[in-house]
Amino acid sequence: MTMYYRIWGDHMGGLEQKLYYDNYSPIGDIAVIAMCFVILILIYTSYVSKTRAFFLFNVIIGLIFLAAGSNILYHYQLSGITSDEGHFIVYLMNFLYHTALYGILYVFVLYIIDVQRLEMSKRRPILIIATVLFFVSVLFDLIGIVKKTGFHINADGTATDGKNIFPLAYVGFVAIIMYLMIVYRNRIFKQVMRGFYGTMLVAFIIISIQYLNNQSSFTVTTFLFPTIAMLYIIHSNPYNIELGAINITAMEDMIRYSYERERTLIIMSLYIKEFDEEGKNFPKEIQAVIRRFAGEFFRGAFLFQVNNGHMILLADKHLNPDSESRIISMFSEFNEEYLKHKLDYKIVYGLTMEEVSRNNEYISFIRHIHKHMGYNEKHQITQEDVDLFNKYEYILKELADIYRGGNLRDPRVLAYCQPVFNVKTGRYDTAEALMRLKLQDTGLVFPDQFIPLAEENGFIHTLTKIILQKTCDEIRYLIKEGYEVNRISVNVSVLELRDDNFCKDISEIIEGSDIPNEKVAIEITESQSDKDFDVMKNRISVLKEKGIKFYLDDFGTGYSNMERIMELPFDIIKFDRSLVMASDADAKSETMVGGLANMFSDMNYSVLYEGVENEVDEKRCINMSASYLQGFKYSKPIPIMDLKNFFSKIEESA
């Protein structure tokens, strides 16, 4: 519709009625209202992070809806006026329209401040200016209507804007927004800023063209442009179209949001080993199964993709009071699918737990559970899982602190050892150094609980340096006190050998302790990696030149390549407890183990049997070319300072 307002002006010394027209069509505002509904449908049928910025985004959508609706009603009512009486709705709609526009601009300012995470000292003056501008603009419009200095309807039904503050208020808010986006541009990713700049520029150009052409049909539309940019750039969290999955950031947000509102979630985790590789995607038939399972069994469920082979499904327990029966149904159908595809899996399921939700650690929590599961198993989350995970997290935090501290005599790392019996001399003159942790909240922690953690997180070399330093300290003490010390061995992870500073670190600690290099030995487990083998060979050669001895640890377990062992300049071969046990099975097994030991002995390797528990083991191992014996028969692991109770003083052994 085209609206005509008659206004009077002074022309050539007299009054002349002039026809002023506003080319308004409701199509623009109708489209805006439709777009608001579309945006609401999109954000509430996908998962969007429930942040303060998202709340402000919803407020903006609501104000845009209000502005468009009130503008349509305002023009509709205005088209039928004939006098200045009974036009409350016209005045109200005009006031709501302008107030909504001011409100949108004001909330834009709040939104940008929130996204930029400005400190209170920086946001306070901007908030004060924006708030004053908002209330002054609204008040000016209200006073103009009441006193008829602003928009009003004359006695003959003509309408005039009077003193219209909207253009000034619009420019004022735009100036504040541009100030924020220019001065604090480094607070937001460059590409995001470009998106906002572009949409705001388009909006400003369109609204300027409108005013130059007495047009107002697309005023509210221009406010929608930057709002669409917000939705797309900041709040969009698109699904993986093929799987219906969302990323883990959205998952963490859903857990946080539910935890803050004390809502319990159903959690279902599926890990499929075969697809846990970068770039390896689920085939179409598996995608179809995942889509069906994600949408069929729980109301209001969301599927999240942790990595290629790991999916987590979350659903509100309140919306699924019969979750137990739903889980049973899901597993029943899952078992049928497993028989078709035969893909190795791990399933973890249950309800969210307060202690894990508090720190939003479900991915780490589930991975921790995975370590203690076999494949093709289903595990229901229990309090025991949470307790073990909390202990795991605490140990990891302490390891990180030990690593950062770099104290080679850190009191949390205890040096233990196990004495080794020298068959030739009949005395104890060697030992294997062992590690323990003593932590405030857990007490004594054994290697099987912290060594894998240290290796996974890059802390293992620091622990090795600490135990080496404490071992060297004890060797220096024993020598000073006159004890006979052949050597003490320290275990080293193959992972450490990859560090270019490995040899330097080992040498500096031994030489800095003022003890002979030959008093220290290093135990290494054979590696299956070609790259590690070459590195290991190089590191051993460098340190052996300094007189340091080397043990091949755990011979007889897993993979053993005799050709490679021959290439590495080891001094002692440690036969694992499993070979000691195997040699006791029958005469054939004893002959085989003994034959291996004789072969090494003939090639000038010393053979050490570990895991010797009784006199029968001892006698058999001595008959199988044993040079050294280690095990509970002689001693359990003891604090390293107690080693003097086993070693002999030189005058006693002479």
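My aim in this report is to walk through the structure given alongside it, one point at a time. (Residues numbered from 1 in each chain as written. Predicted model: local features only at pLDDT ≥ 70, side-chain atom pairs only at ≥ 80, totals over all residues. Heavy atoms only, no water.)

This paragraph deals with the sheet that holds strand S10 (residues 377-380). On the basis of which strands lie adjacent, the open sheet formed by six strands has the order S5-S7-S8-S6-S9-S10 and mixed pairing. Each end of this open sheet is capped by a strand with a single partner; those strands are strand S5 (245-246) and S10. Across four bridges, strand S9 (residues 345-351) lies against S10 in parallel orientation. Residue pairing across strands places Val 348 opposite His 379, the latter belonging to S10. (Pairing = 2+ DSSP bridges. Helix = DSSP H or I, 4+ residues; strand = E, 2+ residues; numbered from the N terminus.)

Another point: the pairing of strand S12 (residues 427-439). Taking burial as the measure, the 13 residues of S12 include eleven buried ones, the bulk of the element. Both strand S11 (residues 413-422) and S12 contribute to a ladder of ten bridges, which runs antiparallel. Residue pairing in the sheet places Pro 419 in a bridge with Ala 431 of S12. Two successive antiparallel strands, S11 and S12, enclose a turn made up of four residues, where Gly 426 displays a positive phi of approximately 70°. Strand direction decides the pairing type here: S12 and strand S14 (residues 487-492), joined by three bridges, are parallel. Bridge assignment links Ala 431 to a residue of S14, and that residue is Ile 488. When S12 meets strand S13 (residues 443-445), the two strands line up antiparallel, connected through three bridges. Counterpart to Lys 438 in the pairing with S13 is Leu 444. Adjacent in sequence and paired antiparallel, S12 and S13 are bridged by three residues. (Buried < 20%, exposed > 50% of the residue type's maximum accessible area, 1.4 Å probe, protein only.)

The next thing to look at is the packing of helix H9 (residues 284-296) against helix H10 (residues 323-341). One can describe the packing of H9 onto H10 by two numbers: an axis separation of 12 Å at closest approach and a directional angle of 180°. Viewed along their axes, H9 and H10 adopt a mutual orientation that is roughly antiparallel. Facing H9, whose interface residues are Glu 285, Ile 286, Val 289, Arg 292, Phe 293 and Glu 296, H10 presents Met 330, Glu 333, Phe 334, Glu 337 and His 341. For the contact of H9 with H10, the class distribution of residues is five nonpolar, one polar and five charged. (Axes fitted to C-alpha atoms, helices over the stretch in contact; angles between N-to-C directions. Parallel < 35°, antiparallel > 145°, perpendicular 65-115°, else oblique. Contact = heavy atoms within 4.5 Å. Nonpolar A, V, L, I, M, F, W, Y, C, P; charged D, E, K, R; others polar.)

This part is about unusual backbone geometry. Even without glycine at this site, Glu 262 takes up a positive phi of about 55°. By secondary structure assignment, the location of Glu 262 is in the loop between helix H8 (248-260) and strand S6 (265-272).

This part takes up the side chain of Glu 618. Inspection of the secondary structure puts Glu 618 in helix H21 (residues 615-623). Contacts of Glu 618, omitting those with residues within four sequence positions, involve Val 612, Leu 629, Lys 633 and Tyr 634.

Counted by the stated rule, this structure contains 29 aromatic pairs. Ring centres 6.4 Å apart and planes at 15° place the aromatic pair Tyr 170 and Phe 204 in the stacked group. Here Phe 204 lies in helix H6 (residues 190-212) and Tyr 170 lies in helix H5 (residues 166-183), a separation of 34 residues in the sequence. Judged by relative accessible area, Tyr 170 falls into the buried class, the value being 9%. Judged by relative accessible area, which is 37%, Phe 204 ranks as partly exposed. (Phe/Tyr/Trp six-rings, centres within 6.5 Å; stacked < 30°, edge-to-face > 60°.)

With that settled, the discussion passes to the side chain of Glu 496. Here Glu 496 shows up in the loop between S14 and helix H16 (502-512). Of the side chains with opposite charge, Lys 465 lies nearest to the buried Glu 496, which makes no salt bridge, at 8.5 Å. A polar side-chain atom of Glu 496 sits 2.9 Å from the main-chain amide nitrogen of Ser 493. Excluding residues that lie within four positions of it along the chain, Glu 496 makes contacts with Ile 460, His 461, Thr 464 and Phe 502. (Lys, Arg positive; Asp, Glu negative; His and termini not counted. Salt bridge = Lys/Arg side-chain N within 4 Å of Asp/Glu carboxyl O. Polar contact = N/O pair within 3.5 Å; in protein donor to acceptor, adjacent residues only side chain to side chain.)

Of the pockets and cavities examined, the largest pocket occupies roughly 760 Å³. Taken together, 32 residues make up the lining of the largest pocket; nearest its centre are Glu 432, Leu 434, Pro 447, Asn 491 and Asp 553. Only S12, helix H14 (447-456), helix H15 (460-480), S14, strand S15 (520-525) and strand S16 (549-555) provide two or more residues apiece to the lining of the largest pocket. If one sorts the elements of the lining of the largest pocket by residue count, S12 sits on top with five residues. Partitioning the lining of the largest pocket into residue classes produces 14 nonpolar, eight polar and ten charged. (1 Å grid on protein atoms, 1.4 Å probe; cavity = no way out; pocket = protein on both sides within 12 Å on 5 of 7 lines; lining within 4 Å. Points joined across faces, edges and corners; volume = space filled by probe spheres on them.)

We now examine the nonpolar core. The biggest cluster of nonpolar side chains holds 101 residues, and the ones touching the most others in it are Leu 314, Leu 399, Leu 437, Phe 570, Ile 573, Phe 575 and Tyr 609. Ranked by residues supplied to this core, first place goes to helix H13 (residues 383-405) with nine residues. Contacts of Phe 575, omitting those with residues within four sequence positions, involve Phe 555, Val 593, Leu 596, Ala 597, Phe 600, Val 607, Leu 608, Tyr 609 and Glu 610. In this structure, Ile 33, Tyr 91, Ile 112 and Phe 196 belong to the second largest nonpolar core, which totals 67 residues. (Core = buried A, V, L, I, M, F, W, Y, C linked by side-chain atoms within 4.5 Å.)

A surface patch of nonpolar side chains, about 290 Å² in accessible area, is lined by Met 35, Val 38, Leu 42 and Ile 228. Along the chain, the position of Val 38 falls in helix H1 (residues 27-45). Residue Val 38 is classed as partly exposed on the basis of its relative accessible area of 39%. (Patch = residues over 30% accessible without salt bridge, like charges linked within 9 Å, V, L, I, M, F, W, Y side chains within 5 Å. Areas by Shrake-Rupley, 256 points an atom, 1.4 Å probe, with all protein chains shown as cover.)

Attention now moves to empty space enclosed by the protein. Here the structure, examined in full by the defined rule, presents two cavities of 30 Å³ or more. Lining the largest cavity are 22 residues, and of these Leu 270, Val 289, Ile 290, Phe 293 and Phe 334 lie nearest its centre. Looking at the lining of the largest cavity, the elements with two or more residues in it are S6, H9, strand S8 (310-316), H10 and S9. Each residue belonging to the lining of the largest cavity can be placed in one class, and the counts come to 18 nonpolar, two polar and two charged. Roughly 90 Å³ of internal volume is contained in the second largest cavity. Among the elements of the structure, helix H3 (88-116) and helix H4 (120-147) are those that each provide at least two residues to the lining of the second largest cavity. If you tally residues by element for the lining of the second largest cavity, the top one is H4, at four residues. A class-by-class count of the residues in the lining of the second largest cavity yields four nonpolar, five polar and three charged.

What follows concerns a negative patch on the surface. Residues Glu 274, Asp 276, Glu 277 and Asp 344 make up a contiguous surface patch of negative charge. Mapped onto the fold, Asp 344 is located in the loop between H10 and S9. Looking at Asp 344, the relative accessible area reads 33%, which means it is partly exposed. (Charge placed at Lys NZ, Arg CZ, Asp CG, Glu CD.)

The first and last C-alpha atoms of H4 sit 39 Å apart over 28 residues, in line with the 40 Å expected at 1.5 Å per residue. Every buried residue belonging to H4 is among Arg 123, Ile 126, Ala 130, Phe 134, Ser 137, Val 138, Asp 141, Gly 144 and Ile 145, and all of these are buried. Where H4 terminates, the next one or two residues include Lys 148, which has phi positive at roughly 60°. (Expected span 1.5 Å × (residues − 1).)

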